[in-house]
Amino acid sequence: MKSVEELLAIKNKIKNQVDVRREDDQRVRIVIGMATCGIAAGARPVMTAFLDELAKRNLGHVTVSQTGCIGMCKLEPIVDVYVPGEEKVTYIKMTPEKAVRVVNDHIVNKNVVTEYTIGSSEK
Amino acid sequence: MQELSLNVLDVVQNSITAGASRILIEITEDLSANLLKIVIEDNGKGMSPETLRRVNEQFVSSRSTRKVGMGIALFRAAAELAGGSLVVESEEGRGTRVTARFEHDNIDRVPIGEMSETMVLLVMRAAEVDFIYRHCYNGGVYEFSTEQIKQILEDVPIDSYEVLQYIKQETHGGLTELFGGVRDEIS
């Protein structure tokens with residue numbers, strides 16, 4: 001490892017952060033399908049885009065996690081967004097560009113990006 | 001898959017599902033022997049000889065909701081397309097080792113791609129697992145170990161955003177140096 005000092009600085013920064021973390025039921029959750037089908041369809045760059053955008057905007061109350069295949073492989077990459085108190089929104093055929101827009105419109109400004117949702121594709 | 005690093009991401013998830021606490025990912029590029037070798041080794045629960053036989057023959061899944069799995073099959077197809085092979089060895093209670101070989105300069109050999117992104121997603125997926133990623137390129141070696149990072153972090157979680165960003169930069173930087181500044185592949 002090259003930059004141990006850098007890692008120590010990150011450690012101290014995280015430790016010294018005032019705990020602004022909200023209660024678990026207040027957290028926004030993003031769940032990305034990462035089974036073989038999701039990965040083959042491009043889920044990794046989508047995940048990377050979410051992580052980069054959340055880090056850039058310092059959205060510490062949002063958690064990102066990975067899930068398996070839910071049987072809709074042709075619609076992958078699939079992303080579920082859970083905002084507390086609202087219905088789950090399922091986005092399909094995601095790209096890194098769409099991921100940035102979901103963070104900005106849906107998570108920050110609370111406007112669901114309807115045209116990327118599974119519901120809009122069925123119409 | 002567009003990159004072999006995506007196959008690695010996919011196949012290592014089998015090791016995580018098998019309950020491994022330590023997973024080694026070793027990529028060897030020996031240009032003089034025209035060999036690219038990718039080894040994934042875990043200390044998970046392993047497979048029975050019967051399951052192992054089926055894994056080496058067909059699409060297999062351990063899930064009960066579905067009968068087929070594609071991960072190993074796709075990895076094997078990528079290897080065989082590039083004049084190579086894939087072997088799965090396993091012992092119940094001991095662990096599993098997947099070894100894929102490729103002709104390094106084969107025109108159909110898929111690029112390795114962004115291993116740094118694969119490592120970030122694996123750490124995110126299973127923060128409790130100790131990952132060792134070793135990349136040997138023409139005599140040089142780069143090694144990344146989450147155990148080392150956890151020792152420095154102490155009680156700070158390794159899957160914090162800031163730490164994940166650090167891991168991405170650290171592995172990307174380490175690999176770039178190993179390749180002498182520029183990766184010799186286009187993906």
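Residues numbered from 1 in each chain as written. Chains lettered and ligands numbered in written order. Predicted model: local features only at pLDDT ≥ 70, side-chain atom pairs only at ≥ 80, totals over all residues. Heavy atoms only, no water.

*Asks:* Quick rundown of the state of the cysteines? Include the residues and the values.
*Replies:* All names here are of chain A. The final tally for this structure, using the stated rule, is 0 disulfides over all chains. Summary of cysteine pairing: Cys 69 is not part of a disulfide, and the nearest cysteine sulfur, belonging to Cys 73, is at 3.6 Å. Classification of Cys 69 as buried rests on a relative accessible area of 12%. (Disulfide = S-S within 2.5 Å. Buried < 20%, exposed > 50% of the residue type's maximum accessible area, 1.4 Å probe, protein only.)

*Asks:* Can you tell me about the packing of helix H4 (residues 115-125) of chain B against helix H6 (residues 161-178) of chain B, naming the residues and giving the values?
*Replies:* All names here are of chain B. Close contact between H4 and H6 brings their axes to 8 Å; oriented N to C, the two are set at 150 degrees. At the point where H4 passes H6, the crossing takes the right-handed sense. Of H6, the residues touching H4 (which contributes Met 115, Ser 116, Glu 117, Val 120, Val 123 and Met 124) are Leu 164, Ile 167, Lys 168, Thr 171, His 172 and Leu 175. Here the contact of H4 with H6 is built from residues that sort into 7 nonpolar, 3 polar and 2 charged. (Axes fitted to C-alpha atoms, helices over the stretch in contact; angles between N-to-C directions. Helix = DSSP H or I, 4+ residues; strand = E, 2+ residues; numbered from the N terminus. Left-handed = near helix turned anticlockwise from the far one by under 90°. Contact = heavy atoms within 4.5 Å. Nonpolar A, V, L, I, M, F, W, Y, C, P; charged D, E, K, R; others polar.)

*Asks:* Describe unusual backbone geometry, naming the residues involved and giving the relevant values.
*Replies:* Residues and elements named next belong to chain A. In the segment running from Glu 76 into Pro 77, the intervening peptide bond is cis, with an omega of -10 degrees. Among the structural elements, Pro 77 can be located in the loop between strand S2 (62-67) and strand S3 (79-82). At Asn 58, a residue that is not glycine, the phi angle is positive and equals roughly 55 degrees. Within the fold, Asn 58 resides in the loop between helix H3 (43-56) and S2. Among the residues examined, Asn 58 registers a relative accessible area of 62% and is labelled exposed.

*Asks:* Tell me what's going on with the interface of chain B and chain A, and back it up with residues and numbers.
*Replies:* Taken together, the 36 residues of chain B in the interface contact 34 residues of chain A. Buried surface at the junction of chain B and chain A, summed over both partners, amounts to about 3100 Å²; 59% is from carbon and sulfur atoms. Area buried by chain B at its contact with chain A is led by Ile 152, Tyr 161 and Tyr 166 of chain B, which between them contribute 23% of it. When the shortest N-O distance is used, the salt bridge between Arg 44 of chain A and Glu 3 of chain B registers 2.6 Å. For the pair chain B and chain A, the number of links is 14 residue pairs in polar contact (both at pLDDT 80 or more). For the side of chain B that touches chain A, the leading source of residues is H6 of chain B, giving 9 residues. Taken together, the residues that form the side of chain B that touches chain A break down as 15 nonpolar, 8 polar and 13 charged. (Buried area = accessible area lost by both parts, 1.4 Å probe. Salt bridge = Lys/Arg side-chain N within 4 Å of Asp/Glu carboxyl O. Polar contact = N/O pair within 3.5 Å; in protein donor to acceptor, adjacent residues only side chain to side chain.)

*Asks:* Which residues make up the environment of Gly 71 of chain B, and what values go with them?
*Replies:* Locating Gly 71 of chain B in the fold gives a position in helix H3 (residues 71-81). When residues no more than four places from it in sequence are discounted, the contact partners of Gly 71 of chain B are Thr 36 of chain A together with Asp 10 and Val 11 of chain B.

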